[in-house]
Amino acid sequence: MRNPAAPGAVTESAELVLPLLPPQDLAAVASACRALRAAVTGVTARRAADAARGLEPLPIPFRNCVDSKPYAYFLYTPFSLTRLAPGASAPSAQPWGAAWVRPPGPTWPRPNLDGFPSSVCGCACAAAECGGTQCACSDADADAAGPGFEAGMGSLRECGDGCACAPSCRNRRTQRGVAVRLRVVRHLHKGWGLHAAEALGRGQFVCEYAGEFLTTEEARRRQKLYDELASGGNLSPALIVIREHLPSGKACLRVNIDATKVGNVARFINHSCDGGNLHPVLVRSSGSLLPRLCFFASRDIVEGEELTFSYGDARVRPKGLPCFCGSSGCSGVLPSEET
């Protein structure tokens, strides 16, 4: 009869439980015995090897030559989730660091992102022709290289759930997950940052900013809490507010996406006062009420270069958190939620 306390049994049990634990609980388990310490070391190494937890087409490793933190802990989602009710709670656990290999989760068909049923029928184009000038879901003025890179936020229309085209449709370029090689790198002053792990061409899609869609009331409640924690150095918030002026000019659409606890690798993209090398684009899919925030390379990017964009105008809040972007026009202050 097998002894359940034997090292082999301990290791097998650990492989089921340890991937669910946050870092502080892992550290406590590691002090219990040698077998568990070895198991925790394996979990930590696998977490550091892929921030995306196997949920993207390519692994996105952490690299840290600054301190002893092997990775940043958060819950991963490839696409934004709907948390529109005030006080709604996020998932509390998610496996990360298991020894068995999990293939990337399906990135298409995409889930209903905004939680609202759609009555809009999509295009009936075949995949080979979809995205052309005759497709009802396509922007007539968008060229093959992607949206234009004029100052400010761009916009793009894509096929949605009701369209007849397949995942290979060229008008679903932002819907197949992170398909370029990236890495998360630790900086001395800025903390974690997202870097290109391969050369990227101008106009190339990089990633979506995924997190929790929030009501404005919930976003303001969280931002107040985040400001208090961040001022004490206990949190690096990743709540972004997007304001889009509607064509009438009389109204403004506000979209709140919080990637602080639940998000994807875009939560590591740092601010740059000079605008950075990423162009933010609001992408609308046919039938979806809420737009998504996606990033395209605004110029050619070399391997190893940090990926950045402008969070907004820092002059609105002169007493905000310090900025370490290092650009020639750095204001010294990070933009705040009010921008």
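Residues numbered from 1 in each chain as written. Predicted model: local features only at pLDDT ≥ 70, side-chain atom pairs only at ≥ 80, totals over all residues. Heavy atoms only, no water.

Peer 1: What's the story with the overall build of the chain in this structure? I'm lost.
Peer 2: Helix and strand counts for the chain come out as four helices and 15 strands. Counting over 339 residues, the chain shows a buried share of 46%. Taking the intrachain contacts of the chain between residues at least 6 apart in sequence as the baseline, contacts between residues at least 24 apart amount to 68%. Carbon and sulfur atoms provide 57% of the accessible area of the chain, an area that totals close to 16800 Å². (Helix = DSSP H or I, 4+ residues; strand = E, 2+ residues; numbered from the N terminus. Buried < 20%, exposed > 50% of the residue type's maximum accessible area, 1.4 Å probe, protein only. Contact = heavy atoms within 4.5 Å. Areas by Shrake-Rupley, 256 points an atom, 1.4 Å probe, with all protein chains shown as cover.)

Peer 1: Would you mind showing me how to read the packing of aromatic side chains here?
Peer 2: Remark: the centre distance and the inter-plane angle together describe each pair of aromatic rings, the angle taken between the planes. Evaluated as defined, the whole model comprises 12 aromatic pairs. The interplanar angle of 70° and the centroid separation of 5.2 Å between the aromatic rings of Phe62 and Trp192 together place this pair among those described as edge-to-face. Note that Phe62 is positioned in strand β1 (residues 62–63) and Trp192 in strand β6 (residues 191–196), a separation of 130 residues in sequence. Residue classification places Phe62 among the buried positions, given a relative accessible area of 10%. What makes Trp192 buried here is its relative accessible area of 10%. Taken together, a centroid distance of 5.1 Å and an interplanar angle of 70° make the contact between Tyr71 and Trp96 edge-to-face. One end of the pair, Tyr71, is in the loop between β1 and β2 (75–76); the other, Trp96, is in the loop between β3 (81–82) and β4 (154–158), and 25 residues separate them in sequence. (Phe/Tyr/Trp six-rings, centres within 6.5 Å; stacked < 30°, edge-to-face > 60°.)

Peer 1: Teacher, can you tell me more about the pattern of salt bridges here?
Peer 2: Pairs can form between side chains of opposite charge whenever their charged atoms are close. Per the counting criterion, the structure on display carries 10 salt bridges. Between Arg292 and Glu208 there is a salt bridge, with the nearest N and O atoms lying 2.9 Å from each other. Of this pair, Arg292 sits in strand β14 (residues 292–297) while Glu208 is found in strand β7 (residues 205–208), placing the two residues 84 residues apart along the sequence. Judged on exposure class, the residue Arg292 and its partner Glu208 are both buried. A salt bridge links Glu212 to Arg222, with the shortest nitrogen-to-oxygen separation between them at 3.0 Å. In this pair, Glu212 sits in strand β8 (residues 212–214) while Arg222 sits in helix α4 (residues 216–231), placing the two residues 10 residues apart along the sequence. Summarising the burial analysis for this pair, Glu212 and Arg222 share the class buried. Here the residues in one salt-bridge network are Glu212, Glu218, Arg221, Arg222 and Asp258, joined through shared partners. (Salt bridge = Lys/Arg side-chain N within 4 Å of Asp/Glu carboxyl O.)

Peer 1: What exactly am I supposed to notice about the environment of Arg183 here?
Peer 2: Structurally, the position occupied by Arg183 is in strand β5 (residues 182–187). Arg183 sits in the buried class, given a relative accessible area of 16%. On a C-alpha basis, the gap between Arg183 and Ala196 in space is 6.4 Å, while along the polypeptide they are 13 residues apart. In contact with Arg183, not counting residues within four places along its chain, are Ile60, Pro61, Arg63, Gly193, Leu194, His195, Ala196, Ala197, Glu303 and Gly304.

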